[in-house]
Amino acid sequence: MADTLLDIRGLKTWFKTDDGMVRAVDGVSLHIDRGETLGVVGESGCGKTVTARSVLKLIDMPPGRFEAGQILWQGRDLIPLSPEEMDKIRAREIAIVFQEPMTSLNPVYTVGYQIAEVLHQHQNLSKRQSIQGAVEMLRLVNIPNPQKRVHDYPHQFSGGMRQRVMIAMALSCKPKLLIADEPTTALDVTIQAQILELMQEMKDKLGMSITLITHAMGVVAETCQRVVVMYAGKVVEEAPVEALFGNPRHPYTQGLIRSIPRVDRAAAQKERLEAIPGTVPSLMNPPAGCRFAARCKYAMDICSREPPLKEVGPGHRVACVL
């Protein structure tokens, strides 16, 4: 536990709507250690982004609220902290890169101003020092001619370059943890590889940890040491990356992995990709018991009771009666 940076215990983040309470995150427990890359995977609507935003308390309250649980950052619970106390942790200790680079930057300010604003607010630098720091951060993320580009506006950058600017902004205060919320979703494959390589390079340089939220299992296999699989607001499996891909134990994880195209077998034989039938259940009225049961070909009567996360191997936990 001494090496644990972030420890989330039984977190429940719910949203009150006119139609009822949406249980977006419903009892999630996970941790991330110093220097590791943790992958958080699952379909859209499984609670990955809400979990990430909950860590930094970027949830609008109301309608959102923390119903239960703890978010322990180096042993300190973040949930009771005031906005002023959270401001000292955001960017300085925990930073986030949002999902959509095209809309995450303010179009009316230069990218240099937006990076410098973070440095000015959290590092107490002068305006001149902040701009110089912004130039150095653009250089660090391999943007050519940073002295000139620091005065450009977001619309003058491509999607991949904007994502580099977002990473530069997130890393400007040298945080201990970077939360990357699907940082490559809107980018083409070549740029995706460059962004992932850049994040790994920054992790090695700064000695930080990364939480990578994605639905791309191939990205997880390439970059992560440990994986948490979420489904319908809950963690259904957690394992080291080799164990998860070598011996997935939850039917949902097995379905995710079987949906990945196999390039190594494509030339020898044609295989039809498997699809998981059905959709993620409503988080307003989630089913009793195992939330995956309605889509699971192995479902039994006992699945009407919620299965606990049980250890089935070293660091390998799964919520399934099988």
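Note: the structure precedes this text.
These lines cover the structure that appears in this document, whether it is placed above or below. (Residues numbered from 1 in each chain as written. Predicted model: local features only at pLDDT ≥ 70, side-chain atom pairs only at ≥ 80, totals over all residues. Heavy atoms only, no water.)

**With respect to the packing of aromatic side chains**
Then, in step 1: Counting across every chain of the model gives four aromatic pairs.
Then, in step 2: Relative to tyrosine 252, the ring of tyrosine 231 lies with its centre 4.6 Å away and its plane at 55 degrees, an arrangement referred to as tilted. One end of the pair, tyrosine 231, is in strand β9 (residues 226-231); the other, tyrosine 252, is in helix α11 (residues 251-258), and 21 residues separate them in sequence. Taken individually, tyrosine 231 and tyrosine 252 each receive the classification buried, so the pair is uniform in this respect.
Then, in step 3: Taking the centre distance of 5.2 Å and the plane angle of 85 degrees together, the rings of tyrosine 231 and phenylalanine 292 count as edge-to-face. Residue tyrosine 231 is located in strand β9, and its partner phenylalanine 292 is located in the loop between α12 (263-266) and β11 (310-313); the two are separated by 61 residues in the primary sequence.
Then, in step 4: A relative accessible area of 1% places tyrosine 231 in the buried class.
Then, in step 5: Through a chain of ring-to-ring contacts, the aromatic side chains of Tyr231, Tyr252 and Phe292 assemble into a single cluster.
Then, in step 6: Lying across the ring of phenylalanine 157, arginine 149 places its NZ or CZ 4.0 Å from the centre. (Phe/Tyr/Trp six-rings, centres within 6.5 Å; stacked < 30°, edge-to-face > 60°. Helix = DSSP H or I, 4+ residues; strand = E, 2+ residues; numbered from the N terminus. Buried < 20%, exposed > 50% of the residue type's maximum accessible area, 1.4 Å probe, protein only. Lys NZ or Arg CZ within 6 Å of the ring centre and 35° of its normal.)

**Brief notes about the pairing of β9**
Then, in step 1: Counted residue by residue, β9 has six buried out of six residues, so it is predominantly covered.
Then, in step 2: The alternating pattern of β9 places Arg226, Val228 and Met230 and Val227, Val229 and Tyr231 on opposite faces, both of which are buried.
Then, in step 3: For β9 and strand β10 (residues 234-240), the ladder comprises six bridges, and the chain directions are antiparallel. Bridge pairing in β10 links methionine 230 to valine 235.
Then, in step 4: As consecutive antiparallel partners, β9 and β10 are separated by two residues, and within that stretch alanine 232 has a phi angle of approximately 50 degrees, a positive value. (Pairing = 2+ DSSP bridges.)

**Some thoughts on the environment of valine 228**
Then, in step 1: Turning to its location among the elements, valine 228 is positioned in strand β9.
Then, in step 2: Relative accessible area serves as the criterion here: at 0%, valine 228 is assigned to the buried category.
Then, in step 3: A C-alpha to C-alpha distance of 10.0 Å links valine 228 and threonine 253, two positions 25 residues apart in sequence.
Then, in step 4: Setting aside residues up to four positions removed in sequence, valine 228 forms contacts with Leu30, Leu38, Gly39, Val40, Val41, Val235, Glu237 and Glu238. (Contact = heavy atoms within 4.5 Å.)

**Thoughts on the environment of serine 304**
Then, in step 1: Mapped onto the elements, serine 304 comes out in the loop between α12 and β11.
Then, in step 2: Given a relative accessible area of 48%, serine 304 falls into the partly exposed group.
Then, in step 3: Linking serine 304 and valine 165, residues 139 residues apart in sequence, is a C-alpha distance of 48 Å.
Then, in step 4: Sequence-distant contacts of serine 304, defined by excluding residues within four places in its chain, comprise Ala288 and Gly289.
Then, in step 5: A polar contact is formed between the side chain of serine 304 and the backbone oxygen of aspartate 301, at a distance of 2.8 Å. (Polar contact = N/O pair within 3.5 Å; in protein donor to acceptor, adjacent residues only side chain to side chain.)

**Focus on the sheet that holds strand β3 (residues 37-41)**
Then, in step 1: Spatially, the eight strands line up as an open sheet ordered β6-β7-β8-β3-β9-β10-β12-β11, and their pairing is mixed. Taken across any chain shown, the strands that pair with only one partner, and hence form the sheet edges, are β6 (94-97) and β11. Taking each pair of neighbouring strands and ignoring which way they run, the sheet shows an average axis angle of 20 degrees.
Then, in step 2: Pairing of strand β7 (residues 177-181) with strand β8 (residues 209-214), which is carried by five bridges, proceeds in the parallel orientation. (Axes fitted to C-alpha atoms, helices over the stretch in contact; angles between N-to-C directions.)

**Things to note about the packing of helix α4 (residues 111-123) against helix α5 (residues 127-140)**
Then, in step 1: Their axes nearest at 8 Å, the elements α4 and α5 cross at an angle of 115 degrees. Classed by the angle they form, the pair α4 and α5 counts as roughly perpendicular. As α4 packs across α5, the resulting crossing turns out to be right-handed. Residues Gly112, Ile115, Ala116, Leu119 and His120 of α4 lie in contact with α5, whose contacting residues are Ser130, Ile131, Gly133, Ala134, Met137 and Leu138.
Then, in step 2: Residue composition of the contact of α4 with α5, by class: seven nonpolar, four polar and no charged. (Parallel < 35°, antiparallel > 145°, perpendicular 65-115°, else oblique. Left-handed = near helix turned anticlockwise from the far one by under 90°. Nonpolar A, V, L, I, M, F, W, Y, C, P; charged D, E, K, R; others polar.)

**Some remarks on the side chain of glutamine 254**
Then, in step 1: Mapped onto the fold, glutamine 254 is located in helix α11.
Then, in step 2: Residue classification places glutamine 254 among the buried positions, given a relative accessible area of 17%.
Then, in step 3: One polar contact links the side chain of glutamine 254 to the main-chain carbonyl oxygen of proline 248, over a distance of 3.0 Å.
Then, in step 4: Setting aside residues no more than four positions away along its own chain, glutamine 254 makes contact with Pro248, Arg249 and Tyr298.

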